[in-house]
Amino acid sequence: MLNLACLVPIFPLIGSIINGFFGLRIGKNAVGMVACGSVALSFLTVLLMFASLLFTPAEERMFEQVLFTWMAAGDFSVDFGFQIDPLSMVMMLVVTGVGFLIHVYSIGYMHEEYSYYRYFAYLNLFMFSMLLLVMGNNFLVMFIGWEGVGVCSYFLIGYYFEKKSACDAGVKAFVVNRVGDFAFLLAIMYIFNIFGTIDFSDVMHMAPEKLIFGAEPVTIITLLLFIGATGKSAQIPLYTWLPDAMEGPTPVSALIHAATMVTAGVYMVVRCSVLFEMAPLIMLTVAFIGGATALMAATIGMTQYDIKRVLAYSTVSQIGYMFLACGVGAYTAAIFHLVTHAFFKACLFLGSGSVIHGIHGEQDMRKMGGLKEHQPITYITFLISTFAIAGIFPLSGFFSKDEILYHALMDGNIILWGMGATGALLTAFYMFRLVFMTFWGESRVDPHVHPHESPKVMTLPLMILAGLATVGGLLGIPLVHGWHALHNWLEPVLHFDLAATLEHSRHMLHAQGEHPASWAHLLIETEHNVWVEIALMLLSLGIAITGIVGAYFCYVKNPDLPGKFIKGQWGYELVKNKYGVDELYDATIVKPTVVGSFFLWKTADQKGIDGGVNAVANVIGWFSVQARVFQSGFVRNYALFMVMGFLVLLILMF
Amino acid sequence: MEHIPAPAIDFISLAPALILSVFGMLVLLMDLFAGKNKNLLVFASLVGLVLAGVSAFAPKALPVVSFGGSYVVDHLSVFFTLIFVFSSALTILLSIEYNPRNGIRAGEYYALILFCTVGMILLASATDLIMIFLGIEVVSICLYVLAGIKRGDVKSNEAALKYFLLGAFATGFLVYGMTLLYGATGTTKLAGIAEVIHSGQTNSDTLLLLGTVLLIIGFGFKVASVPFHMWAPDVYEGAPSPVTAFMAVGPKAAALVAFYRVFATAIPEIGTTWDTLLMVVAVATMVIGNFGAIVQTNIKRLLAYSSISHVGYLLIAIIARNSLGGSAIAYYMMAYAFMIFGTFGIVILLGEKNSENLEIKNYAGLGVKQPAIALCMTVFMLSLGGMPPFAGFIAKFYIFGAAIKEGYVVLVVIAVLNSVVSLYYYLKIVVLMYMKDSERELELSMGPITLAVVAIAVFGTIEMGLFPDPILQLTQ
């Protein structure tokens with residue numbers, strides 16, 4: 001049954017080809033059918049494979065399907081193949097399941113668009129790339145998918161290409177991502193250099209034997225991998241592209257920029273958990289970057305008025321939680337939150353899309369209000385998901401976020417927990433600010449617009465996702481010790497023997513004649529403390545409720561209060577302008593590059609030759625006389641430039 | 001009288017060069033009788049190229065050595081012969097519709113391409129400095145004429161003259177470098193030079209090093225690396241588009257393989273003395289090439305700078321001086337051939353009668369008007385920028401892999417960063433095609449043959465990216 005793996009990505013690829021080439025001819029209905037049908041087939045295949053994996057003994061749940069030898073040169077050989085294990089299975093389920101719902105929703109949302117087929121062709125292509133990313137059995141296949149989703153994301157952000165802001169956002173997303181990708185690529189080469197292979201299972205098996213705990217190679221590799229992850233998953237310092245990416249159609253924001261692609265970085269870190277476990281310094285970095293991103297993005301989220309931008313910052317913040325979990329070694333918690341986040345954030349984005357659809361394209365929350373009467377289904381599903389993200393018992397977000405906070409405190413430290421907890425307070429506040437401003441209170445909608453509920457094809461996915469957001473937490477109810485479905489499921493993948501690794505590293509260091517510091521303190525196991533966890537749960541429930549009540553007080557009881565409070569506050573202005581990071585990057589990186597290349601071309605490559613040559617010409621006058629014979633000014637200069645190059649090389653040589 | 005023994009010659013292994021020489025002369029003769037209709041010449045040239053390509057596989061066991069060790073046919077040279085034959089054939093195909101439209105009527109055009117291909121084949125197989133010089137001159141002289149073949153066009157004339165003057169200048173450096181190398185080691189054979197250096201019996205180390213520097217300049221000019229690249233943008237812009245594509249692939253590949261052979265087989269042992277030089281050259285080439293390309297508004301100039309930057313990446317494979325580097329260059333040039341001929345095919349398609357439509361802004365709105373062509377262009381641009389799953393990515397990956405293997409990590413970091421920068425200007429064209437409205441009506445001159453070349457190129461670019469292994473095996 002697991003042999004079906006190769007079919008999973010192929011279905012959307014076929015769908016993409018059909019829609020891309022024949023989309024205009026076969027008509028809108030057929031395009032929708034092809035697009036959704038292909039993803040549905042993938043989803044069904046994944047379900048079959050899941051069942052098959054479920055009935056395999058836990059320690060044998062690892063299946064590799066090699067399709068062909070991709071390339072081989074000397075001792076370098078890469079297969080093109082898929083790896084089906086519990087971790088990739090979770091991702092495949094999320095990608096195809098949530099992906100399918102969003103495809104269905106898109107039929108309704110994009111119905112008015114002329115280039116409907118183009119949209120679905122890209123969306124299917126995205127599914128194909130994303131599946132390659134999560135299913136690949138080695139770093140290079142993953143990288144292909146990694147770049148593929150980037151390209152699709154670029155095209156979909158720029159889908160409304162009449163809008164200049166959409167084009168700019170697409171290019172920005174692409175270029176910022178490339179910064180991360182380049183680090184990822186270097187990491188792959190470094191890994192190949194050390195291990196002689198880039199196959200996931202080989203690398204992870206060999207890592208404890210080939211690398212020294214906490215030494216330079218593993219630290220550099222994981223740092224590069226993490227930089228790659230910050231690009232794709234929009235973490236500090238490479239998060240600026242994601243809020244701008246909201247220029248794309250809303251279902252795209254839901255699928256790519258909330259549920260799947262942006263969590264690829266988390267998946268990659270978890271996939272390489274063995275390497276990260278061996279680099280404590282980078283683990284700490286990951287945790288702090290995650291925590292800081294969670295907190296900072298939440299503060300910005302409180303000040304935005306565009307409904308999609310609030311959700312975008314919320315996504316950045318929630319992914320920060322996932323990295324925080326990775327950083328303290330709680331990979332199960334990270335994946336758990338990834339899954340529940342996919343449910344409730346997809347629901348929130350699609351809900352916001354339904355709102356925007358219902359009031360004809362308005363995205364400013366100051367021009368909404370009172371929509372709950374007009375859009376009851378949207379409102380209820382939105383509210384459920386908001387409770388989930390705020391962390392209210394017993395919705396999914398409550399369990400996953402609490403697991404992260406618990407591990408942040410027990411395996412990390414109080415600062416990390418503090419960042420997470422403060423973030424949670426702000427999350428509850430800004431999410432309910434969003435709900436109150438959009439659905440409650442007086443209507444501020446343009447009087448010419450008559451809000452209406454969206455069609456079934458859009459509300460049905462909302463209802464399913466809200467249902468999943470409600471019960472998703474069951475995957476990981478932690479109260480009964482030893483019973484945590486997701487943890488047990490992922491255990492074979494995440495297994496890492498720290499003691500044996502340290503022993504190995506010690507031997508290797510001895511062989512090099514060095515004596516390692518004591519690592520004994522690393523081996524102290526922290527017991528799972530049920531009472532601490534329950535206490536923390538109650539505390540964070542209190543935090544969430546405080547946030548909600550705060551939002552209620554500010555936006556329902558006294559709607560004038562926030563206006564008075566923020567007036568003249570420089571701190572507010574700073575946050576509202578996103579801490580000026582965009583401007584900072586613009587001034588320090590973007591502008592100098594553009595100006596610099598003009599300078600380089602104009603001065604160094606065209607005019608500089610004249611100037612430089614004149615100076616040198618005086619020194620080597622003889623040559624300039626010779627060169628003048630050439631008549632053409634340019635040729636003379638070119639030739640002289642060659643002579644200068646010769647002199648420089650000569651000086652370098654001797 | 002002393003009897004001079006004739007050197008052993010294996011004619012089967014020489015077949016590609018011989019066939020093309022014969023066909024070149026045949027085409028010249030046929031031109032006398034062909035009149036205005038050049039189709040016969042085209043046909044004869046293509047037949048010659050196909051025969052040459054097939055005969056490249058004739059030798060049973062490789063390598064075959066001829067002319068007393070001056071000429072060797074091995075896997076590398078066979079693969080490069082295929083690249084040359086293939087790129088020359090595509091050049092001729094692109095010219096069929098382009099030449100009449102742009103008033104190029106000279107029949108010797110086709111003969112020159114064939115002769116140039118002969119020179120490239122000699123160059124790829126040369127293992128003797130004299131043979132290398134011979135190959136380089138055969139190639140260069142043909143190119144000087146080809147660049148100026150648009151006789152009525154001032155830019156084309158200027159390009160040819162510039163290229164000729166600077167080329168002659170660079171040849172001086174090259175010959176001088178070869179002379180010094182001979183002076184230092186007493187032999188012109190690459191293997192012999194390596195032996196002398198290995199045994200430590202060089203006449204003078206200073207001469208050896210000076211010769212190396214001069215060779216870097218000579219080859220550096222032929223492959224258009226900074227600071228010997230100045231001719232490239234002007235010549236690429238002025239030459240007819242098919243010739244530009246030709247120059248960017250075939251002759252460049254030929255010069256690179258000779259460059260590789262000299263530096264990786266003759267003088268690798270003194271590698272630590274010249275690798276810093278080449279690293280400086282490679283980095284400068286990448287940086288000037290990429291940043292120069294960012295500000296261009298003419299597509300051919302942009303491609304010229306982009307081509308300079310690609311040479312920067314390719315030099316890294318020479319610096320690595322291992323066998324992986326050799327096959328990486330071969331793979332890269334094959335991939336590059338597909339990408340460049342595809343791109344130039346589209347450039348030619350966009351041309352109108354008497355105007356070539358070379359401004360980048362003319363590409364605006366192509367995505368709406370000609371979605372298929374815009375899609376092809378997107379594939380080429382992404383591949384040139386090194387995006388997977390296209391050929392350009394695998395090619396770069398190989399080069400960088402070869403360098404990492406020898407420990408040139410910093411160099412690879414710089415190269416990868418450069419490829420990030422390069423995406424900016426490749427993407428600029430994609431953005432224009434899809435995201436801007438065209439300022440005026442586009443009138444494409446849809447020639448079926450040019451379209452076919454673009455289709456072949458797209459196929460190759462994707463095929464070599466998805467299934468690189470078959471081609472890769474050929475390079476080893």
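Residues numbered from 1 in each chain as written. Chains lettered and ligands numbered in written order. Predicted model: local features only at pLDDT ≥ 70, side-chain atom pairs only at ≥ 80, totals over all residues. Heavy atoms only, no water.

**Notes on the overall build of chain B**
- Across its full length, chain B carries 19 helices and 2 strands.
- Since a compact globule built from 476 residues should have a radius of gyration of about 23 Å, the 22 Å found for chain B is in line with a globular shape.
- Viewed in the frame of its principal axes, chain B has a C-alpha envelope of about 70 × 55 × 40 Å.
- Among the 476 residues that make up chain B, the fraction classed as buried is 69%.
- Counted over contacts in chain B with a minimum sequence separation of 6, partners at least 24 positions apart contribute 81%.
- Accessible surface computed for chain B: about 15,200 Å², of which carbon and sulfur atoms make up 69%.
- Separation of charge centres in chain B, based on 24 positive and 26 negative side chains, amounts to 7 Å. (Helix = DSSP H or I, 4+ residues; strand = E, 2+ residues; numbered from the N terminus. Rg over C-alpha atoms; globule rule 2.2 N^0.38 Å. Buried < 20%, exposed > 50% of the residue type's maximum accessible area, 1.4 Å probe, protein only. Contact = heavy atoms within 4.5 Å. Areas by Shrake-Rupley, 256 points an atom, 1.4 Å probe, with all protein chains shown as cover. Lys, Arg positive; Asp, Glu negative; His and termini not counted. Charge placed at Lys NZ, Arg CZ, Asp CG, Glu CD.)

**Observations regarding the overall build of chain A**
- When helices and strands are tallied, chain A shows 26 helices and 2 strands.
- Overall size of chain A, expressed as C-alpha extent along the three principal axes, is 90 × 70 × 55 Å.
- Here the analysis covers contacts within chain A between residues at least 6 apart in sequence; of these, 80% occur between residues at least 24 apart.
- Taken as two groups, the 32 positive and 43 negative side-chain charges of chain A have centres that lie 14 Å from each other.

**Quick word on the environment of A:G27**
- Considering the arrangement of structural elements, one finds A:G27 in helix α1 (residues 7-54).
- Distance from A:G27 to A:T381, taken between C-alpha atoms, is 32 Å for residues 354 residues apart in sequence.

**Structural notes on a nonpolar patch on the surface**
- Nonpolar side chains collect at one region of the surface, where A:I17, A:F21, A:F22, A:I26 and B:L375 lie side by side and expose about 460 Å² of accessible area between them.
- Looking at the nonpolar patch element by element, the count peaks at 4 residues for α1(A).
- Among the secondary structure elements, B:L375 is positioned in helix α15 (residues 371-384). (Patch = residues over 30% accessible without salt bridge, like charges linked within 9 Å, V, L, I, M, F, W, Y side chains within 5 Å. Salt bridge = Lys/Arg side-chain N within 4 Å of Asp/Glu carboxyl O.)

**Some remarks on the packing of aromatic side chains**
- In total, this model carries 47 aromatic pairs over all chains according to the counting rule given.
- Grouped by ring-pair contacts, the aromatic residues B:Y144, B:Y163, B:F164, B:F221, B:W231 and B:Y236 constitute a single cluster.
- Taking the ring centre of A:Y116 as reference, the NZ or CZ of A:K28 above it sits at 5.3 Å.
- For A:K372, the ring lying beneath its charged end belongs to A:W440, and the centroid distance is 4.1 Å. (Phe/Tyr/Trp six-rings, centres within 6.5 Å; stacked < 30°, edge-to-face > 60°. Lys NZ or Arg CZ within 6 Å of the ring centre and 35° of its normal.)

**Looking at the interface of chain B and chain A**
- Facing 73 residues of chain B, the contacting portion of chain A comprises 54 residues.
- Buried area between chain B and chain A, summed over both chains or domains, comes out near 5,800 Å², and the portion from carbon and sulfur atoms is 82%.
- Among the residues chain B hides against chain A, the three largest losses belong to B:M230, B:F397 and B:M435. Together they make up 12% of the total.
- Counting across the chain B and chain A interface gives 0 salt bridges.
- Ranked by residue count, the leading element in the side of chain B that touches chain A is helix α17 (residues 409-435) of chain B, at 12 residues.
- For the side of chain B that touches chain A, the residue count by class is 54 nonpolar, 14 polar and 5 charged. (Buried area = accessible area lost by both parts, 1.4 Å probe. Nonpolar A, V, L, I, M, F, W, Y, C, P; charged D, E, K, R; others polar.)

**With respect to the packing of helix α4 (residues 139-157) of chain A against helix α7 (residues 216-232) of chain A**
Residues and elements named next belong to chain A.
- Their axes nearest at 12 Å, the elements α4 and α7 cross at an angle of 25°. Relative to α7, α4 is oriented roughly parallel. Crossing geometry of α4 relative to α7 is assigned as left-handed. On the side of α4, the interface is formed by F139, W146, V149 and G150, while α7 contributes L225, G228, A229 and K232.
- Class assignment for the residues of the contact of α4 with α7 results in 5 nonpolar, 2 polar and 1 charged. (Axes fitted to C-alpha atoms, helices over the stretch in contact; angles between N-to-C directions. Parallel < 35°, antiparallel > 145°, perpendicular 65-115°, else oblique. Left-handed = near helix turned anticlockwise from the far one by under 90°.)

**Description of the confidence of the model for chain B**
- For chain B, per-residue confidence averages 87 on the pLDDT scale, and residues scoring 70 or more make up 97% of the total.
- At the level of chain-chain contacts, confidence expressed as ipTM amounts to 0.77, with global pTM at 0.79. (pLDDT = per-residue confidence, 0-100.)

**As for the pattern of salt bridges**
All names here are of chain A.
- Using the criterion set out here, one finds 12 salt bridges over all chains in the structure.
- One salt bridge connects D244 with R309, and the closest N-O pair in it is separated by 3.2 Å. In this pair, D244 is assigned in helix α8 (residues 241-244) and R309 in helix α13 (residues 307-327), connecting sequence segments 65 residues apart. For the pair shown, D244 and R309 are each scored as buried.
- In this structure, the salt-bridge partner of R366 is D364, at a minimum N-O distance of 3.2 Å.
- Residue classification places R366 among the partly exposed positions, given a relative accessible area of 43%.

**Considerations on helix α8 (residues 205-223) of chain B**
All names here are of chain B.
- Under the 1.5 Å per step criterion, the end-to-end length of α8 is 27 Å for 19 residues, consistent within 8% with the ideal 27 Å.
- Of all 19 residues in α8, 15 are buried; the element is thus mostly enclosed.
- At the N-terminal end of α8, a side-chain oxygen is found 3.3 Å from the backbone nitrogen of T206, two or three residues along, and the residue is S204. (Expected span 1.5 Å × (residues − 1). Polar contact = N/O pair within 3.5 Å; in protein donor to acceptor, adjacent residues only side chain to side chain.)

**Quick look at unusual backbone geometry**
- Omega for the bond connecting A:F393 with A:P394 falls within 30 degrees of zero, at 0°, which places this linkage in the cis form.
- Positionally, A:P394 belongs in the loop between α15 (376-390) and α16 (396-412).
- The phi torsion at B:F67 lies on the positive side, around 50°, for a residue other than glycine.
- For B:F67, the location among the structural elements is in the loop between β1 (64-66) and β2 (71-73).
- Residue B:R321 is not a glycine yet carries a positive backbone phi of 40°.

**Some thoughts on the environment of B:L417**
All names here are of chain B.
- As for its placement among the helices and strands, L417 is situated in helix α17.
- Residue classification places L417 among the partly exposed residues on the basis of a relative accessible area of 40%.
- Considering only alpha carbons, one finds L417 and P268, 149 residues apart in sequence, at a separation of 27 Å.

**Some details on the side chain of A:E403**
Residues and elements named next belong to chain A.
- Tracing the backbone shows E403 in helix α16.
- Buried E403, no salt bridge; nearest opposite-charge side chain is K401, N-O distance 14 Å.
- Not counting residues up to four positions away in its chain, the partners in contact with E403 are T332, A333, F336, G476 and H484.

**Thoughts on the side chain of A:N124**
Residue and element names in this part refer to chain A.
- You can see N124 is positioned in helix α3 (residues 116-135).
- Assessed through its relative accessible area of 0%, N124 is described here as buried.
- In this structure, N124 is in contact with P12, G15, S16, N19, V34, A35, S38, V39 and H103, ignoring residues within four places of it in sequence.

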